[in-house]
Amino acid sequence: MRQVLADQYAEFAAARAGHLYRSACLLTAGDTHLAEDLVQETLGRLYIAWHRVSRVGNPAGYAQTVLTRSFLAHQRRRSSRERATDTFPDRAVADQRDVPLRLTLLEALARLPAKDRAVVVLRYWEDRSIEETADAMHASSAAVRTRCTRALARLRELLGEDLGEYARF
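What you see is a predicted model; the values in this text were computed from it and never measured.

Colleague: Mind laying out the packing of aromatic side chains, listing which residues take part and the relevant values?
Modeller: This model, assessed by the stated rule, comprises three aromatic pairs. When the ring of Tyr9 is compared with that of Trp50, the centres are 5.6 Å apart and the planes differ by 75°; the resulting orientation is edge-to-face. Note that Tyr9 is positioned in helix α1 (residues 2-27) and Trp50 in helix α3 (residues 50-53), a separation of 41 residues in sequence. By the burial criterion, Tyr9 is buried, and Trp50 matches it. Ring centres 5.1 Å apart and planes at 35° place the aromatic pair Phe12 and Trp50 in the tilted group. With Phe12 in helix α1 and Trp50 in helix α3, this pair connects stretches of sequence that are 38 residues apart. Trp50 matches Phe12 in its accessibility class, with the two residues each being buried. The ring of Tyr124 is capped by Arg123, whose NZ or CZ atom sits 5.5 Å from the centre of that ring.

Colleague: Just give me the short version of the nonpolar core, but keep the residues and values in it.
Modeller: With 44 residues, the main nonpolar core has Leu43, Leu46 and Phe71 as its most contacted residues. Elements represented by at least two residues in this core include exactly α1, α2 (32-48), α3, α4 (59-77), α5 (99-110), α6 (114-125), α7 (130-137) and α8 (141-159). The element that contributes the greatest number of residues to this core is α1, accounting for nine residues. The contact partners of Leu43, leaving out residues within four places of it in the chain, are Tyr9, Ala13, Ala17 and Leu20.

Colleague: Outline α6, listing residues and values.
Modeller: Over its 12 residues, α6 extends 15 Å from the first C-alpha to the last, a length consistent with the 16 Å expected when each residue adds 1.5 Å. Those residues of α6 hidden inside the fold are in contact with α1, α4, α5, α7 and α8.

Colleague: Report on a negative patch on the surface, specifying residues and quantitative values.
Modeller: Taken together, the side chains of Asp127, Glu131, Glu132 and Asp135 make up a negatively charged region of the molecular surface. Here Glu131 lies in helix α7. On the basis of relative accessible area, Glu131 is assigned to the partly exposed category, the value being 48%.

Conventions used here
- Here the residue index of a chain counts from 1 through its sequence in written order.
- Where totals are concerned, whole chains, interfaces and linings use all residues; where local detail is concerned, this predicted model gives features only for residues with pLDDT of at least 70, and gives and counts side-chain atom pairs only at 80 or more.
- The side-chain numbers reported here are obtained from all heavy atoms of the structure, hydrogens and water having been left aside.
- Pairing of aromatic rings covers Phe, Tyr and the six-membered ring of Trp, with a centre-to-centre limit of 6.5 Å; geometry is then stacked below 30 degrees between planes, edge-to-face above 60, and tilted otherwise.
- To qualify as a helix, a DSSP run of H or I must reach at least 4 residues; to qualify as a strand, a run of E must reach at least 2; elements of each kind are numbered from the N terminus.
- The cut-offs for exposure are 20% and 50% of the maximum accessible area for each residue type, with area from a 1.4 Å probe on protein chains only; residues under the lower value are buried, those over the upper are exposed, and the others partly exposed.
- Here, over-ring charges are defined by two tests on the NZ atom of lysine or the CZ atom of arginine: distance to the ring centre within 6 Å, and angle to the ring normal within 35 degrees.
- For our purposes a nonpolar core is just a set of buried Ala, Val, Leu, Ile, Met, Phe, Trp, Tyr and Cys residues, chained together by side-chain atoms within 4.5 Å.
- Contacts were defined at the residue level, with two residues in contact if any of their heavy atoms lie within 4.5 Å.
- Expected span of a helix, by definition, is 1.5 Å for each gap between consecutive residues, and there is one gap fewer than residues.
- In this scheme, patches are assembled from residues that exceed 30% relative accessible area and form no salt bridge. Like charges are connected within 9 Å, while nonpolar side chains (Val, Leu, Ile, Met, Phe, Trp, Tyr) are connected within 5 Å.
- A 1.4 Å probe and the Shrake-Rupley method give the accessible areas. Residues count as covered only by the protein chains that appear here.
- By definition, a salt bridge exists where a carboxyl oxygen of Asp or Glu is found within 4 Å of a side-chain nitrogen of Lys or Arg.
- In this count, Lys and Arg are taken as positive residues and Asp and Glu as negative ones, while His and the chain termini are left out.
- For this purpose, a charge sits on NZ of Lys, CZ of Arg, CG of Asp or CD of Glu.

Take a look at the structure:
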């Protein structure tokens, strides 16, 4: 029985790791190292509870919730000595057309507070409902709606007219 659960977990982790990593990159506003740490922490927590999680109707949603909660917990305990940077490593990108858009969006996301960033990622990247987002963040639906409204207004303010030029690609 343990081997069956271990095989199921390994299959799930292999299938979802990439998606979790992309979500974590958005949550961390492009901090790939922190994103990797968050995914590793999420998969570790899932492994420990896999015997329960495998019976859940939506283990992928459960994994996203664990990822979001890990990110928010990390933001709360973050050392005051750590400073985020806006420089990105040089690396080859297959499609160069969307690089300016990605960098602009990541920069704008980085300027949002952690909870606002989490709401935007869960609602618009993960395409979760308000209730699912509220559950993942341990918040009320009204709080999520308010955060969504404020976060989107802030993103519009940060992106301004620049977004139109990137949308033409």
